[in-house]
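A closer look at the structure
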Amino acid sequence: MQTFEYQARGAVGIGNVLNTILENRGIENVVQFLKPTDACLEDAHLLDNIDTAADMLISHLHNKSRITVVQDCDCDGITSAALIISYIHRVFRYDNVQYIIHDNKEHGLDKQTMLEIEKQKPDLVIIPDAGSNDLRQLKALKRAGIDVIVLDHHDESEKVTRFKSLYKLDNLNDFAIIVNNQMSHKIKDKAMTGVGITYKFCKILDEKTGVQAADDYLDLVALGMIGDSCDLTNLQSRYLVLKGIEQISNGTNRNTFITELVKSQAFSLHNKVTILGISFYIAPLVNSLIRLGTHDDKEIMLKAFLGATETVKIKIRGQGEIEVLIQEQARRLCESYKRKQQKLTSDYADILKKQIDDFNLNSLPVICCKTDRDIETTFTGLIANKLTSVYCKPCVLLRDVGDCLSGSARGYDKSAIKDIKEFCLSTKLFDLAEGHSNACGVKIKKDNIAKFYDYLSGIKSDDQLHYTVDAVFSDKTLKKEVVELVSKYSDVWGTSVEEPLFAITDIVVNSKDVMLMGKNKNTIKFTHHNIDFIKFNASEKEHSDIISLGEAVKFTVIGRFDMNEYNGQKTPQVRIENYMCEKSSPTKIFRF
């Protein structure tokens, strides 16, 4: 059992629970945060080059040009591509639009995409959710006489910065028209992702063509921005996501494939569409097909997003061959690839756990291990995530790439190292660490890997976990009314607005009341003051260790509040994320 410590942001009572939690987290205008309005929207014209880009697209459409859209390989990328292609088809009634889908989990203008562009010979290439840093490729397309519009949100890389300095360039618009919130100094919302920029572009097209169509695609905006972990403390991005969710919840959304996915996950979503629900149950389905699917399967999903009405014949066990819409086919493919992804991730992690245990890599503050060639590159980040959850510390997972080792780094926010990207860069040993603070791609020369291990060995390993909780309760102050109140606000949490976490101390229970449940005997449960405490993914050993402490056990719990519904009856419960326990004196219960 791993020990932990915690610090509280503040205190929470039965008063205005939600306001208190949000204010303790630094949300200044809680009313506006909970119900943002269109007053939170920034003027789309503030995005550099957006009017020029819109004029260029309209000109190409009038000239009946050949247009190619490059679909980037994640949830944000496919929703961005679907939005711009759907908009062009519907508003301009224009069908001469081709698309390119990456074979692997590559981004932007990779080698294969450039070859495909050469084959398609377009007059205009549109790159949503990528392209800002593909200088060499953009320059090549310019030389070939191909216009390019980039609708992106990624930061300028160090490579691009050096290139601009070397050639004394103020911007990259000599090569392409780049619309990017990170590169637009007048824009305050740096959180918005690729599909958000694409939506803003369509709003400008609305203005120029006198239509109002862009808002019909807010369901795509919501899915893409949530899938890319957009910072939803930003009021503009939050407003757009909530409007998209409102459309989906009301059944007024336009995208039939999103509707199909949501209906299939109704049980997991508890029949309620939320930011957290999309993040956990919808976006991962899309990403699993992108990660593992064949090119044909990826095209089926893009067609489903584009609203294709074609039907296909599929075989279903017990029903034989039946005809279904392509949206159902795509949904079934997503579910199949998700199951496969879960199994492969677990299998690959088990292989690496042996390496970690054999070489005692867990003794270091960051686990750094090497994958073999049998492990697919698209799984590197997923496996690193799995290992961080198993060992409760950051993980760097590398593979051979020429004279370098390249791979993924994943942080663990309960460890002493709060930013794995910054940690890697601070060693001065990595050639690259790009991406999010706790989920990034890394590259290190083979000559430096021994130095990295030496560096890690010189740091005292702190295996104690560090939690920041929203409040601390004792067995006397925790009331079921508080749990019920907090659970009412499930639609508030998600991405950067983490679901509330609490510490509960001095919970004394009789050990015989601590139950081991479930078909696989992997759920621990006990009840205290009419509140269920439940820990999933437990083990028989955990349960045995608790029982062995004696007649009474005192728990300190870190957990989240929600309501469990079974046979129409709702019970307040605490989902245990971690716990410590010790022997205690038996509790005395008065009975008549």
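As a reminder, the structure under discussion sits directly above these lines.
Parameters and conventions
- Residues numbered from 1 in each chain as written.
- Predicted model: local features only at pLDDT ≥ 70, side-chain atom pairs only at ≥ 80, totals over all residues.
- Heavy atoms only, no water.
- Helix = DSSP H or I, 4+ residues; strand = E, 2+ residues; numbered from the N terminus.
- Rg over C-alpha atoms; globule rule 2.2 N^0.38 Å.
- Buried < 20%, exposed > 50% of the residue type's maximum accessible area, 1.4 Å probe, protein only.
- Pairing = 2+ DSSP bridges.
- Axes fitted to C-alpha atoms, helices over the stretch in contact; angles between N-to-C directions.
- Contact = heavy atoms within 4.5 Å.
- Phe/Tyr/Trp six-rings, centres within 6.5 Å; stacked < 30°, edge-to-face > 60°.
- Lys NZ or Arg CZ within 6 Å of the ring centre and 35° of its normal.
- Expected span 1.5 Å × (residues − 1).
- Salt bridge = Lys/Arg side-chain N within 4 Å of Asp/Glu carboxyl O.
- Core = buried A, V, L, I, M, F, W, Y, C linked by side-chain atoms within 4.5 Å.
- Arc of directions from axis to C-beta.
- Lys, Arg positive; Asp, Glu negative; His and termini not counted.

Thoughts on the overall build of the protein chain
- A count of helical and extended segments in the protein chain gives 19 helices and 21 strands.
- In terms of overall size, the protein chain behaves like a compact globule, its C-alpha atoms giving a radius of gyration of 26 Å where 592 residues would be expected to give roughly 25 Å.
- Principal-axis analysis of the C-alpha atoms gives the protein chain an extent of 90 × 55 × 55 Å.
- Counting all 592 residues of the protein chain, 52% fall into the buried class.

Describing the sheet that holds strand 3 (residues 97-101)
- The sheet built from five strands is open, its strands ordered 3-2-4-5-6 with parallel pairing. In this open sheet, the two edge strands, each paired with only one partner strand, are strand 3 and strand 6 (177-180). Neighbour-to-neighbour, the strand axes of the sheet open up by a mean angle of 15°, direction not taken into account.
- Taken together, the three bridges between strand 2 (residues 67-71) and strand 4 (residues 124-128) define a ladder with parallel strand orientation. By the bridge assignment, isoleucine 67 is partnered in strand 4 with leucine 124.
- Its contacts with the sheet put helix 6 (residues 135-143) on strand 4, strand 5 (147-152) and strand 6, and the angle it makes with strand 5 is roughly 150°.

Thoughts on the pairing of strand 15 (residues 471-474)
- Here four bridges tie strand 15 to strand 16 (residues 502-510), and the two strands are oriented parallel to one another. Within strand 16, the residue paired with phenylalanine 473 across the bridge is isoleucine 504.

Observations regarding the packing of aromatic side chains
- Taken as a whole and judged by the stated rule, the model has 14 aromatic pairs.
- Between phenylalanine 430 and phenylalanine 452, the aromatic rings sit 5.0 Å apart at their centres with planes inclined by 85°, giving edge-to-face as the arrangement. Pair noted here: phenylalanine 430 is in strand 12 (residues 430-436) and phenylalanine 452 is in helix 17 (residues 446-457), with a separation of 22 residues, a long-range link. Across this residue pair, the class does not change: phenylalanine 430 and phenylalanine 452 are buried.
- Linked through ring pairs, Phe526, Phe533, Phe555 and Tyr579 together constitute an aromatic cluster.
- One Lys or Arg, arginine 238, reaches over the ring of phenylalanine 33 and ends 3.9 Å from the middle of that ring.

So, helix 14 (residues 326-358)
- End to end, helix 14 covers 48 Å across 33 residues, agreeing with the expected 48 Å (1.5 Å per residue, within 8%).
- Where helix 14 terminates, the next one or two residues include asparagine 360, which has phi positive at roughly 55°.

Here we look at the pattern of salt bridges
- Overall, the coordinates contain 30 salt bridges when judged by the stated rule.
- Taking the shortest distance from any N to any O, the salt bridge between aspartate 51 and lysine 208 comes out at 3.5 Å. Of this pair, aspartate 51 sits in helix 3 (residues 50-62) while lysine 208 sits in helix 8 (residues 194-209), placing them 157 residues apart in sequence.
- We classify aspartate 51 as partly exposed; its relative accessible area is 24%.
- Residue lysine 208 is classed as partly exposed on the basis of its relative accessible area of 36%.
- With its nearest N and O atoms 3.2 Å apart, the salt bridge here joins arginine 331 to glutamate 335. Placement of the pair is arginine 331 and glutamate 335 together in helix 14, with a separation of four residues, close to one helical turn.
- Glutamate 335 sits in the buried class, given a relative accessible area of 17%.
- Connected via shared salt-bridge partners are Asp413, Lys414, Glu498, Arg560 and Glu577.

Remarks on the nonpolar core
- Judged by nonpolar contacts, the single largest core of 100 residues is most densely connected at Leu57, Ile126, Phe201, Met301, Phe305, Ile383 and Leu387.
- It is helix 14 that provides the largest number of residues to this core, a total of 10 residues.
- Not counting the four nearest positions on each side in its chain, methionine 301 is found in contact with Ile78, Phe257, Val286, Leu289, Ile290, Ala330 and Cys334.
- Core analysis: the next-biggest nonpolar cluster, separate from the first, contains 38 residues, Leu18, Phe33, Val483 and Cys581 among them.

Section: helix 6
- Among all positions in helix 6, only Leu135, Gln137, Leu138 and Leu141 are buried. Along the axis of helix 6, the buried residues cluster in a sector spanning 165°; they form a single face. Along helix 6, the residues that are exposed and aim more than 90 degrees away from the buried face are Arg136 and Arg143.
- The first or second residue beyond helix 6 is glycine 145, which carries a positive phi of 80°.

Description of the sheet that holds strand 16
- Across the sheet, which stays open at both edges, the seven strands sit in the order 15-16-20-21-19-18-17 with mixed pairing between neighbours. One side of each edge strand has no neighbouring strand; the edge strands of this open sheet are strand 15 and strand 17 (515-517). Between one strand axis and the next, the sheet turns through 40° on average, direction left out of account.
- Judged from the seven bridges that link them, strand 16 and strand 20 (residues 552-566) form a sheet pairing that is antiparallel.

Observations regarding the side chain of lysine 338
- By the element assignment, lysine 338 lies in helix 14.
- For the buried lysine 338, which has no salt bridge, the nearest side chain bearing the opposite charge is glutamate 335, at an N-O separation of 11 Å.
- Excluding anything up to four places from it in sequence, lysine 338 contacts Pro284, Leu285 and Ser288.

A short note on unusual backbone geometry
- Even without being a glycine, lysine 428 presents a positive backbone phi close to 65°.
- With respect to the helices and strands, lysine 428 occurs in the loop between helix 16 (420-426) and strand 12.
- Taking the relative accessible area as the measure of exposure, lysine 428 reaches 73% and is therefore exposed.
- Phi is positive for asparagine 537, which is not a glycine, with a value near 55°.
- Take asparagine 537: it is sitting in the loop between strand 19 (531-535) and helix 19 (540-547).

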